[in-house]
Amino acid sequence: MRVTVRLFARLSDLAGTGELIREVPPGATAREVWNDLVLEWPGLGDYEKTISVAVNAEYARMNVAVRDGDEVAFMPPVSGGWDTCSTSS
Amino acid sequence: MATPQVATPQVAVTSEPLDADALIALVGAQGDGAVVTFAGLVRDHNQGRRVRFLEYDAYEPLAVRALQRIVAEAAELWPSARVATHHRIGRLEIGEASIVIAAASAHRADAFAACRYTIERVKQIVPIWKREHFDGGEVWLEGATADPDDQAARDKAYRIACSEQNRGACA
């Protein structure tokens, strides 16, 4: 089956694209989709512990099973709003 | 002929300049005693770097949902308050507003608290990222790992909203 992967901010820089189609085996979890990306772009591995995941634009967990046609988004730590740096420590 | 009026949404992610007055008009109601607004502006310096401009990226559908979730949380915590917030994306120059929040209530303490809670939660869970373009380079800034169900993060935002000076608004 196929899923659409979305990557944001530095993750999209590392992969060289913000959107790609991936073939995944039936029953694959978001984590397996992620691991597959890390194999191709090892730099993504730095985000192992800090990414968030969303499936079809809803926050999800890495152990959630994805389905054919799903949009799976991986997101680095967020920095919207204002003055993020001075308060994130 | 009347000018067609576009309704102001309670939350939005937009590449257009933000309009604080529209948010104030949206949240205000007869009988209010207070409306608090907050605007986050692009600063000309950060961590010793001279900032040229910022570029905001978003996962828009999830960002809108996260903003909806935050104003709902604020309404639950301060039932007398009404909150609206718009976040801008794209290229922003120094001094431009990246976010505007308006919170109205019968009393100022609740309006301040709801406004402060909203900005703290935006920084925690809204999937928006800024790339800082500074003299000599550019860098994506990264803050918090977004987890809307993280109760500790919610508690932290609540504590900040209910700091010493604003205790009257909180249980």
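Cut-offs applied
Counting from 1, residues in each chain are numbered in the order their sequence is written. Naming scheme: in the order in which they are written, chains are lettered from A and ligands are numbered from 1. Residue-level local features of this predicted model are given only where pLDDT is at least 70; pairs of side-chain atoms are given and counted only at 80 or more, and the full residue set underlies all totals for whole chains, interfaces and linings. Excluded from the side-chain calculations are hydrogens and water; all other atoms, namely the structure's heavy atoms, are used. Any pair of Phe, Tyr and Trp rings, taking the six-membered ring for Trp, is counted once the centres come within 6.5 Å. Such a pair is stacked with planes under 30 degrees apart, edge-to-face with planes over 60 apart, and tilted for the rest. Runs of H or I in DSSP of at least four residues are treated as helices and runs of E of at least two as strands, each being numbered from the N terminus. Buried, partly exposed and exposed residues are distinguished by accessible area as a fraction of the type maximum, computed with a 1.4 Å probe on protein chains only: under 20%, between the cut-offs, and over 50%, respectively. In this description, contact between two residues means that some pair of their heavy atoms is separated by no more than 4.5 Å. Buried area, as used here, totals the accessible surface that two parts lose on assembly, with accessibility defined by a 1.4 Å probe and the loss added over both. Within this document, salt bridges are pairs made up of a side-chain nitrogen of Lys or Arg and a carboxyl oxygen of Asp or Glu, the two lying within 4 Å of each other. Each polar contact in these results corresponds to two N or O atoms within 3.5 Å; when the atoms are within protein, one needs to be able to donate a hydrogen and the other to accept it, and residues that are neighboring in sequence are counted only if both atoms are side-chain atoms. Read the arc as the range of directions from the helix axis to the C-beta atoms.

1. A word on the packing of aromatic side chains
Under the criterion given, the structure shown has five aromatic pairs over all chains. With 4.8 Å between their ring centres and 35 degrees between their planes, A:Phe8 and B:Tyr59 make a pair best called tilted. Here A:Phe8, found in the loop between strand 1 (2–7) and helix 1 (10–15), pairs with B:Tyr59, found in the loop between strand 4 (49–58) and helix 2 (60–77), and the two come from separate chains. On the basis of relative accessibility, which here comes to 2%, the residue A:Phe8 falls in the buried class.

2. Side note on the interface of chain A and chain B
Chain A puts 30 residues into the contact, and the matching count from chain B is 38 residues. Buried surface at the junction of chain A and chain B, summed over both partners, amounts to about 2900 Å²; 54% is from carbon and sulfur atoms. It is A:Tyr59, A:Val78 and A:Trp82 in chain A that bury the most area against chain B; as a group they hold 24% of the surface buried on that side. Linking chain A with chain B are four salt bridges. Between B:Asp149 and A:Arg61 there is a salt bridge, with the nearest N and O atoms lying 3.6 Å from each other. The interface formed by chain A and chain B contains 20 residue pairs in polar contact (both at pLDDT 80 or more).

3. Description of helix 4 (residues 151–161) of chain B
Each turn of an α-helix holds 3.6 residues, which means side chains three or four residues apart point in the same direction. Residues and elements named next belong to chain B. Taken residue by residue, helix 4 has Ala 153, Ala 157 and Ala 161 as its buried positions. In an axial view of helix 4, the angular spread of the buried residues amounts to 80 degrees, which keeps them on one side of the axis. Of the residues in helix 4, the exposed ones pointing more than 90 degrees away from the buried face are Ala 152 and Arg 159. Buried residues along helix 4 sit in contact with helix 3 (108–125). Capping the start of helix 4 is the job of one residue whose side-chain oxygen sits 3.0 Å from the backbone nitrogen of Ala 152: Asp 150.

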